[in-house]
Amino acid sequence: MVIACDGVPKIVACPQSQGFKISPQQLEAAITDKTRWLIINSPSNPTGASYSAAEYRRLADLLARHRHVLVMTDDIYEHIRFEGHATPHLLNAAPEPADRLLAVNGVSKTYAMTGWRIGWIAGPSDLIGALNTLLSQAAGNACSISQAAAVEPLNGDQSFVTESVAIYRSRRDRMLTRINQIEGLSCLPPDGAFYLYVNCDGLIGRKTAAGAHPKMTATSRCICSKASASPWSKVAPMAYRRTSASRSQRRSMYSTTASTASLTLSPNSGSIQIESTSCQTPASKRISRLRKWIPR
Ligand SMILES: Cc1ncc(COP(=O)(O)O)c(C=O)c1O
């Protein structure tokens, strides 16, 4: 997104040892007078990490000294949170950046309405005005049927959210237990969202009992290995596999079992290549495809 807008993304390493979150010191070091936006996604895809009110306050104190930096909070997993009560928001913790903050949200995750393509952005009127100009030409408008459909859950009984979060929590717990029982794999409990970000670093360079490198099946996504050419490997030079708890109990257990089977170093597990590069299209290729569609 940043490159497509002719910006230069500054990706800050937020390793597992710091809960996959940025520290105020790192943020301070990353900001220059050219910095335009800070993008925060909490709870996060793919790690599930979520900032606390105290952590937000520390980031907001710092942002108060850098008023040229605009802030975009991607709050799409706001209601899918396992610990504590409501997900804190940067503006609740510290209202100061309100005049330069865009809060992005939608119905996709909370109400399982991904296909309906309804989201919204709240922010200062000058930014929203500019967005209206851009989006009404670039993307058109949200489908009226989807808009009407989205009104129902937004105004309706919210018990669906409580129930679905309870289901996600129980799937998360079961998958966590099973993953953490596998030698070479480990996973922090995510605070929210519906992903498990599994650390596969303990398997890098290891071989099966038959002497083969375990191979990654085509369905395994989001692997960044030490040998990966992906830009993310510089940021997270460990191997992670994101798995999702959003699928049905049977399918999510199946997927854990499949990972278990394929990631366990048994003689028959020659179908997983942990040392393969990321299965995703390289960012540069995706951007050059995208560029064709961006008017200059
Ligand atoms: C962090 C994050 N933000 C935004 C979105 C976009 O959601 P949608 O386009 O379905 O509204 C996703 C979807 O996966 C996401 O993970």
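Residues numbered from 1 in each chain as written. Predicted model: local features only at pLDDT ≥ 70, side-chain atom pairs only at ≥ 80, totals over all residues. Heavy atoms only, no water.

Q: Is there a simple way to think about the overall build of the protein chain in this case?
A: What the protein chain contains, in helices and strands, is nine helices and seven strands. In the protein chain, buried positions account for 41% of the 296 residues. A sequence separation of at least 24 residues applies to 68% of the contacts in the protein chain between residues at least 6 apart. In the structure as shown, the protein chain presents an accessible area of about 16,300 Å², 57% of it carried by carbon and sulfur atoms. (Helix = DSSP H or I, 4+ residues; strand = E, 2+ residues; numbered from the N terminus. Buried < 20%, exposed > 50% of the residue type's maximum accessible area, 1.4 Å probe, protein only. Contact = heavy atoms within 4.5 Å. Areas by Shrake-Rupley, 256 points an atom, 1.4 Å probe, with all protein chains shown as cover.)

Q: Please explain the site of the ligand as it appears in this structure.
A: Residues in close proximity to the ligand include Asn-41, Asn-45, Asp-74, Ile-76, Tyr-77, Ser-108, Lys-109 and Arg-117, which together make up its full environment. Residue Tyr-77 places a side-chain N or O atom 2.7 Å away from an oxygen atom belonging to the ligand. Ser-108 is positioned such that a nitrogen or oxygen atom in its side chain is 2.5 Å from an oxygen atom of the ligand. Protein contact buries 68% of the 390 Å² of open area that the ligand shows by itself. (Near = heavy atom within 4 Å. Polar contact = N/O pair within 3.5 Å; in protein donor to acceptor, adjacent residues only side chain to side chain.)

Q: Whenever I open this one, the confidence of the model for the protein chain confuses me. Can you help?
A: Caution applies to low-pLDDT regions: their predicted coordinates should not be interpreted in detail. Of the residues in the protein chain, 72% reach a pLDDT of 70 or more, and the chain-wide mean stands at 79. This model gives residues 216-238 a pLDDT under 50, and the stretch forms 55 contacts once residues within four places in sequence are excluded. Below pLDDT 50 for its whole length, residues 252-281 participates in 78 contacts with residues either more than four positions away or in separate chains. (pLDDT = per-residue confidence, 0-100.)

Q: Explain the sheet that holds strand S3 (residues 101-106) here, please?
A: Strand pairing in a sheet relies on backbone hydrogen bonds. The paired strands run either parallel or antiparallel. Taken in spatial order, the four strands of this open sheet run S1-S2-S3-S4, and their pairing is mixed. For this open sheet the edge positions go to strand S1 (37-41) and strand S4 (119-122), each flanked by a neighbour on one side alone. Strand after strand, the sheet turns through a mean of 15 degrees between neighbouring axes, direction not considered. The pairing of S1 with strand S2 (residues 70-74) spans five bridges and is parallel. Among the inter-strand pairings, Asn-41 is bridged to a residue of S2, identified as Asp-74. (Pairing = 2+ DSSP bridges. Axes fitted to C-alpha atoms, helices over the stretch in contact; angles between N-to-C directions.)

Q: I keep staring at the nonpolar core and nothing clicks. Help me out?
A: Soluble globular proteins: nonpolar side chains tend toward being buried together. Core analysis: the largest hydrophobic core is formed by 19 residues, its most contacted members being Leu-27, Ile-40, Leu-63 and Leu-90. Put simply, the parts of the chain that give this core at least two residues each are S1, helix H2 (53-63), helix H3 (90-93) and S3. Those residues in contact with Leu-63 that sit more than four places away from it in its chain are Leu-27, Leu-38, Val-69, Val-71, Leu-90 and Arg-100. Judged by nonpolar contacts, the second largest core, of 16 residues, contains Ile-80, Val-107, Met-113 and Ala-193. (Core = buried A, V, L, I, M, F, W, Y, C linked by side-chain atoms within 4.5 Å.)

Q: So what exactly am I meant to see when it comes to the packing of aromatic side chains here?
A: The geometry of two aromatic rings is summed up by the distance between their centres and the angle between their planes. Overall, the coordinates contain six aromatic pairs when judged by the stated rule. Arranged with centres 5.5 Å apart and planes meeting at 25 degrees, the rings of Tyr-51 and Tyr-56 form a pair that is stacked. Comparing Tyr-51 with Tyr-56, the two get one shared label, buried. Look at Phe-194 and Tyr-195: their rings are 5.1 Å apart centre to centre, the planes differ by 70 degrees, and that puts the pair in the edge-to-face class. Across the pair, Tyr-195 and Phe-194 agree in class, each one buried. Ring-pair connections join several aromatic residues into one group, and the members of that group are Tyr-77, Tyr-168, Phe-194 and Tyr-195. Lying across the ring of Tyr-51, Lys-21 places its NZ or CZ 5.8 Å from the centre. (Phe/Tyr/Trp six-rings, centres within 6.5 Å; stacked < 30°, edge-to-face > 60°. Lys NZ or Arg CZ within 6 Å of the ring centre and 35° of its normal.)

Q: What exactly am I supposed to notice about the pattern of salt bridges here?
A: Note on pairing: side chains with opposite charge can pair once their charged atoms come close. Summed over the entire model, instances satisfying the criterion amount to seven salt bridges. The salt bridge partner of Arg-65 is Glu-28, with a shortest N-O separation of 2.6 Å. Placement of Arg-65 in the loop between H2 and S2 and of Glu-28 in helix H1 (residues 24-30) is noted, with a sequence separation of 37 residues between them. With a relative accessible area of 30%, Glu-28 lands in the partly exposed category. The salt bridge partner of Arg-100 is Glu-96, with a shortest N-O separation of 2.9 Å. The buried category is assigned to Arg-100, whose relative accessible area is 2%. Among the ionic contacts, a cluster of salt bridges with common partners joins Arg-67, Glu-96, Asp-99 and Arg-100. (Salt bridge = Lys/Arg side-chain N within 4 Å of Asp/Glu carboxyl O.)

Q: Explain unusual backbone geometry to me, please; I cannot follow it from the model alone.
A: Excluding glycine, residues mostly have negative phi values, and the peptide bonds linking residues are mostly trans. Between Ser-42 and the following residue, Pro-43, the backbone shows a cis peptide bond with an omega angle of -10 degrees. Topologically, Pro-43 is positioned in the loop between S1 and H2. Cis geometry is found at the peptide bond from Asn-45 to Pro-46, where omega equals 20 degrees. Inspection of the secondary structure assignment puts Pro-46 in the loop between S1 and H2.

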